[in-house]
Amino acid sequence: MLILFSFMFLIVAHLFEKAVNQATGFNLEIRQDLSMSMYHKDGDLILGGILQIHMQNNHLGSTNFKELPASTDCFLYVIRYYRHRLAFHFTVEEINNNAELLPNITLGYRIYDSCAWELRAIHGTLSLLSGTQVPVPNYSCEDRGVLAAFIGDLTSDTTYSISQLSRIFRYPQISYGAMDPIFSDRILFPSFFRMVPNERSQYDAIIQLLRHFGWTWVGILTSADYQGQSAGEELKWTIIQSGGCVEFLAMIPLIGNYQTTPEVVHLIRSSTCSVIILYSSMVYLLQQFMIKEWRKHEIPPKVWILSATLPIITDFNLGNAFQILNGSIAFSIPKGEIPGFKDFLYSVNPTMFPNDVLLKLIWQINFRCRLPGTKILRFWPDFDRLPNCTGSETLRSLDSFLYDVYNFRFSYNIYTAVYALAHALHQMYTAEPLQGPITDRESLRQRFQPWQLNNFLRNIHFKPSIGNEIFFDEKGDTPTRYDILNCIYLPNGALIQTLVGSFHPSAPSDQQLFINESAIRWQPLFKQTPRSVCSKSCRPGYRKAPKEGSQKCCYDCVSCAEGEFSNATDMEKCLKCPDDQWPTKKQDGCIPRTIEFLSYEDPLGAALASLAIVLCAITAGTLGIFLKYRETAVVKANNRDLSFILLLSLMLSFLCSLLFIGRPEKLTCLLRQTAFGIIFSVSVSAVLAKTITVVIAFKATKPGSRLREWVGSRVLSFLVLLCSLGEVLICTVWLLISPPFPDYDIQTDLGRMILICNEGSLFAFYSVIGYMGLLAILSFIVAFLARRLPNSFNEAQLITFSMLVFCSVWVSFIPVYLSTKDKYMVTVEIFAMLLSSIGLLSCIFIPKCYIILLRPEMNTREHLIGKQSTSI
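In this text, all values refer to a predicted model and were calculated from it rather than measured experimentally. (Residues numbered from 1 in each chain as written. Predicted model: local features only at pLDDT ≥ 70, side-chain atom pairs only at ≥ 80, totals over all residues. Heavy atoms only, no water.)

A. Highlighting the overall build of the protein. Counting secondary structure elements, the protein contains 24 helices and 25 strands. Long-range contacts, defined here as pairs at least 24 residues apart, represent 70% of the contacts in the protein between residues at least 6 apart. When the accessible surface of the protein is split by element, carbon and sulfur atoms take 59% of a total near 42300 Å². (Helix = DSSP H or I, 4+ residues; strand = E, 2+ residues; numbered from the N terminus. Contact = heavy atoms within 4.5 Å. Areas by Shrake-Rupley, 256 points an atom, 1.4 Å probe, with all protein chains shown as cover.)

Right, here's the structure in full:
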């Protein structure tokens, strides 16, 4: 009963599955028409290889997902890629002959050709997992060895397809060319390793190359596949973040889709950038440059930067392509040395690999002979007419650009990838504790677990016989460098690649890029190192001004503002000169400013100094006259002590003006205004005291007047001292709170530096002037009120006139001083000091000197008393 029930359940399940398949269209079917030739070598442990040997397949169109894709064949074999298969074989043989590595274990391999097509890569992976050329999913039919790991592929797209299957069973996978950053994600790809750097490090290399040559305006061409589009967008963003600009980002269509090709050609022809980055992993990108759409239009000379992911295949005549790309700069993975591989490549022949159909084809095409037992090739009409191969043919006779045995780049990666797996397997099978000896393949199969190999692979460190140490970082990448090549297309059709630099991602940022500019041969139409900028460089004296609506690399050149300079090209901001300097006429540097101040060498300064000294001498002469005739009536009549004080203060006032002439120093700045204010206060106070003397003298003559007590030199001297102390107090507070100090003025005349004394506090400065004005106004008022007193001994009228002159001078001084600039401000103040002092000297003392010297008969007490009596 149980058996019957189980049988019925299986029938229902089958019917249900069939119904689901018919309803959804989901039905797993293994394509039988994708079977392909396999390169194999038996061994105890099998290394599965998915290598790109043919350049592409003949089905590049897109499917409509409604019917099976058409059957496709691999075509356009690449000898350089076939060399990768030979490197795989050579390395396995070398390891098997090494008694110290994997003793008693023989390595074998199974290699399938991906043809740069994901479908074939998946088919090859399934074949390796099942052990049969026609895959049997989820079954392993391999009886000729144990599958240990995968090596492949060259491009990221096919590598991704392989990893989707291999990671299910945690098989290690080592790629020898996939640079897509996604493979560094250890969560998505925990068993993935690669012998090339992360693609993002190539972005940094391109950025530093652009910076080295000052190329800020570039274009980007990518292939019309997912990887090309995503890499192009990320590269564009990286360039913009680094300060550059991208004029365009365009995609070259797939072969067979020529509708958009003229648009791309027109875009390049109309572009203004001189540098275009060609970023792709698709070989067909170079073939596009060979079609007539590119050749019939004259492409202007450009510098082409080729990414390391773009394989440059010299098997085909790429002359037309590199006529356009001549002089290009190409990034490449570094080449390595493989001891003995060169001789092995020369020794390869069809008898060495009798089942290798592709090797026979390469042999017959390149040597134009027919191997025995070869079927007639349909694509070769004259094949049956070819002579038989003699057996003396050798690959040494092939041109080096076709069969290169000197530059091993991806071949070296395969060499190191196989060795990395061998070292990991060796450590795995020699690790303690041992689970007994390996007696046969069955025991090997039972002991081998692919996930265990991952742990050993992460920790390997080994050094090939020639080369650097090989290891994987925490993301499964191999630290390495980029070679920078200069691709030169010679007139004879040969393409040579010259090493002109390198980029080390792991080095310090300032030591990562090395470029030998002298070794670079640019496109012949470039007479010097090309420039690629959106706008011409702004020469010194100008700055960059962004254009509205344009990228930041497109700008106008605007001259620096007055007082600013730029001493380098393409400066975004102009700089200000130090205060003691001024921009040159071209505003490309700074020169010392012309320093100005009222000096003794200046004619105006010399004239004012001479005038002050002369006036001081005249005042001293007047003082001498008064001292000589101090007992005469005129001198004694108006308090000779006050006259002496006034004359001394006037002498000092004239000399005080000398403090304003010469280079401003700290001491002179402190003394200028304070000395001037105090000395002038003494002078005005003396005048005020003399005026009060006149009033008291005549009021005291009245009977019973108590003013007699106030007549005397002590009281008047105290009055002078008291009035002067007010100015002393103001100056003291000024010096304590905000004293004057040496300063300079660079605003008045932009080309000169005017040395001045900064007053520190304008309020204090005008307080000093105001206090003197207050004293002068009091003197003027008192003298004006005393003008009607008797004329004998009466100085009131003279004092009134002198104070009128004094006040007029200083009232005029303020607006003139405020409207005057630079050194003439000092001149105005000196002139006001001299003029006001001259007013006092001439109005008060000149009339008396006239009487003393020229009219001595009037210098008697009788004359003065008589004149007074007459007046009364």
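Don't stop here, the text continues.
B. Spatial organisation of a nonpolar patch on the surface. Where nonpolar side chains cluster on the molecular surface, the patch consists of Phe718, Leu721, Leu722 and Leu725 and spans about 410 Å² of accessible area. Here Leu725 lies in helix 20 (residues 713-737). A residue is classified by how much of its surface remains accessible, and Leu725, at 44% relative accessible area, is partly exposed. (Patch = residues over 30% accessible without salt bridge, like charges linked within 9 Å, V, L, I, M, F, W, Y side chains within 5 Å. Salt bridge = Lys/Arg side-chain N within 4 Å of Asp/Glu carboxyl O. Buried < 20%, exposed > 50% of the residue type's maximum accessible area, 1.4 Å probe, protein only.)

C. Up close: the sheet that holds strand 23 (residues 594-596). Taken in spatial order, the three strands line up as 23-25-24 in an open sheet, and their pairing is mixed. The outermost strands of the open sheet, each flanked by one partner alone, are strand 23 and strand 24 (741-745). Direction aside, the axes of adjacent strands within the sheet are offset by 30° on average. Pairing geometry for strand 23 and strand 25 (residues 752-758), over three bridges, is parallel. Residue pairing in the sheet places Thr594 in a bridge with Arg752 of strand 25. (Pairing = 2+ DSSP bridges. Axes fitted to C-alpha atoms, helices over the stretch in contact; angles between N-to-C directions.)

D. The sheet that holds strand 9 (residues 217-223), seen in detail. Spatially, 10-9-11-12-13-14-15-16 is the arrangement adopted by the eight strands of the open sheet, whose pairing is mixed. Pairing within the sheet leaves two strands with one partner each, and these edge strands are strand 10 (245-252) and strand 16 (513-515). Pairs of neighbouring strands in the sheet enclose a mean axial angle of 25°, with direction left out of account. The pairing of strand 9 with strand 11 (residues 275-279) spans five bridges and is classified as parallel.

E. Highlighting the packing of helix 16 (residues 603-628) against helix 23 (residues 824-854). Viewed as axis vectors pointing N to C, helix 16 and helix 23 meet at an angle of 25°, and their least axial separation amounts to 10 Å. On the basis of the axis angle, helix 16 is roughly parallel to helix 23. The chirality of how helix 16 crosses helix 23 is left-handed. Between helix 16 and helix 23, the contacting residues are Leu604, Leu608, Leu611, Ala612, Leu615, Ile618, Thr619, Thr622, Ile625 and Phe626 on the first element and Tyr824, Thr827, Ile830, Leu834, Ile838, Leu841, Phe845, Lys848, Cys849, Ile852 and Leu853 on the second. Taken together, the residues of the contact of helix 16 with helix 23 sort by class into 17 nonpolar, three polar and one charged. (Parallel < 35°, antiparallel > 145°, perpendicular 65-115°, else oblique. Left-handed = near helix turned anticlockwise from the far one by under 90°. Nonpolar A, V, L, I, M, F, W, Y, C, P; charged D, E, K, R; others polar.)

F. Fine view of the confidence of the model for the protein. This prediction gives the protein a mean pLDDT of 80; 82% of its residues lie at or above 70. When the criterion is pLDDT under 50, residues 867-872 qualifies, and its contacts beyond four places in sequence or with other chains add up to six contacts. (pLDDT = per-residue confidence, 0-100.)

G. Region of the structure containing the packing of helix 16 against helix 18 (residues 640-656). Contact geometry for helix 16 and helix 18: axes closest at 8 Å, N-to-C directions at 165°. Viewed along their axes, helix 16 and helix 18 adopt a mutual orientation that is roughly antiparallel. Crossing of helix 16 over helix 18 shows left-handed handedness. Across the interface between the two elements, Ala612, Leu615, Cys616, Thr619, Ala620, Thr622, Leu623, Phe626 and Leu627 of helix 16 pack against Ser643, Phe644, Leu647, Leu648, Leu650, Met651, Phe654 and Leu655 of helix 18.

H. View of the nonpolar core. Core analysis: the largest hydrophobic core is formed by 121 residues, its most contacted members being Phe88, Ile277 and Tyr403. No other element matches the 14 residues that helix 13 (residues 410-430) contributes to this core. Both domain 1 (39-58 + 70-197 + 339-471) and domain 2 (199-335 + 479-519) contribute no fewer than three residues apiece to this core. In this structure, Phe88 is in contact with Leu47, Gly49, Leu51, Tyr109, Ile111, Ile151, Ile414 and Val418, ignoring residues within four places of it in sequence. Of all hydrophobic cores here, the second largest spans 60 residues; its members include Ile625, Phe644, Met772 and Tyr817. (Core = buried A, V, L, I, M, F, W, Y, C linked by side-chain atoms within 4.5 Å. Domains from an automatic or database assignment.)

I. Seen up close, the pattern of salt bridges. Inspection of the entire model under this criterion finds 12 salt bridges. Measuring nitrogen to oxygen at the nearest pair gives 3.0 Å for the salt bridge that ties Lys41 to Glu93. In this pair, Lys41 sits in strand 1 (residues 39-41) while Glu93 sits in helix 2 (residues 79-96), placing the two residues 52 residues apart along the sequence. As a salt-bridge pair, Arg194 and Asp477 come within 2.7 Å of each other at their nearest N and O atoms. You can see Arg194 sitting in strand 8 (residues 192-194) and its partner Asp477 sitting in the loop between helix 15 (450-458) and strand 14 (482-489), a full 283 residues away along the chain. Residue Arg194 shares its accessibility class with Asp477, and that shared class is buried.

J. The arrangement of unusual backbone geometry in detail. Of the consecutive residues Gly152 and Asp153, the connecting peptide bond is found in the cis state with omega at 5°. Secondary-structure assignment places Asp153 in the loop between strand 6 (146-151) and helix 4 (156-166). Not every positive phi belongs to a glycine, and Cys115 is a case in point at roughly 55°. As for its placement among the helices and strands, Cys115 is situated in the loop between strand 5 (107-113) and helix 3 (118-130). Exposure remark for Cys115: the relative accessible area of 0% places this residue in the buried category. With phi around 60°, Gln587 is a residue other than glycine that occupies positive phi space. Inspection of the secondary structure puts Gln587 in the loop between strand 21 (581-583) and strand 22 (590-592).

K. Examining the packing of aromatic side chains more closely. Evaluated as defined, the whole model comprises 26 aromatic pairs. Where Phe150 meets Tyr171, the ring centres are 5.8 Å apart and the plane angle is 85°; that geometry is what we call edge-to-face. With Phe150 in strand 6 and Tyr171 in the loop between helix 4 and strand 7 (173-175), the pair connects residues that are 21 residues apart, well separated along the chain. On the accessibility criterion, Phe150 (1% relative accessible area) is buried. A relative accessible area of 14% places Tyr171 in the buried class. A cation over a ring is seen here: Arg85 above Phe353, with NZ or CZ 4.5 Å from the ring centre. The aromatic ring of Phe189 is capped on one face by Arg167, whose charged end is 5.5 Å from the ring centroid. (Phe/Tyr/Trp six-rings, centres within 6.5 Å; stacked < 30°, edge-to-face > 60°. Lys NZ or Arg CZ within 6 Å of the ring centre and 35° of its normal.)

L. Fine view of the pairing of strand 25. With five bridges connecting them, strand 24 and strand 25 associate as antiparallel partners. Bridge pairing links Asp745 to Ile754 in strand 25. Linking strand 24 to strand 25, which pair antiparallel, is a turn of six residues.

M. A look at helix 2. The terminal C-alpha atoms of helix 2, which comprises 18 residues, lie 26 Å apart, in line with the 26 Å expected from a rise of 1.5 Å per residue. In terms of burial, helix 2 is largely enclosed, as 15 of its 18 residues are buried. (Expected span 1.5 Å × (residues − 1).)

N. Structural view of the state of the cysteines. In total, this model carries seven disulfides according to the counting rule given. Shown here is the disulfide that connects Cys245 with Cys553, its sulfur atoms set 2.2 Å apart. Its S-S torsion of approximately 90° makes the covalent link between Cys245 and Cys553 right-handed. Of this pair, Cys245 sits in strand 10 while Cys553 sits in the loop between strand 17 (542-546) and strand 18 (555-559), and the two are 308 residues apart along the sequence. With respect to burial, Cys245 and Cys553 carry one shared label: buried. A sulfur-sulfur separation of 2.0 Å characterises the disulfide bridge that pairs Cys560 with Cys574. Negative torsions about the S-S bond denote left-handed disulfides, and the value of about -80° found for Cys560 with Cys574 makes this one left-handed. Taken as a pair, Cys560 in the loop between strand 18 and strand 19 (564-565) and Cys574 in the loop between strand 19 and strand 20 (575-576) lie far apart in primary sequence, 14 residues in all. (Disulfide = S-S within 2.5 Å.)

O. Structural context of the pairing of strand 12 (residues 303-306). The two faces of strand 12 match: Val303 and Ile305 on one face and Trp304 and Leu306 on the other face are all buried. Judged from the four bridges that link them, strand 11 and strand 12 form a sheet pairing that is parallel. Each residue of the ladder has a partner; that of Ile276, found in strand 12, is Trp304. As defined by bridge partners, strand 12 adjoins strand 13 (residues 328-332) across two bridges and the pair is classed as parallel. The partner of Ile305 across the bridge, within strand 13, is Ile329.

P. The arrangement of the environment of Pro103 in detail. If you trace the backbone, Pro103 turns up in the loop between helix 2 and strand 5. Residue Pro103 is classed as partly exposed on the basis of its relative accessible area, which comes to 41%. With 326 residues separating them along the chain, Pro103 and Tyr429 place their C-alpha atoms 9.9 Å apart.

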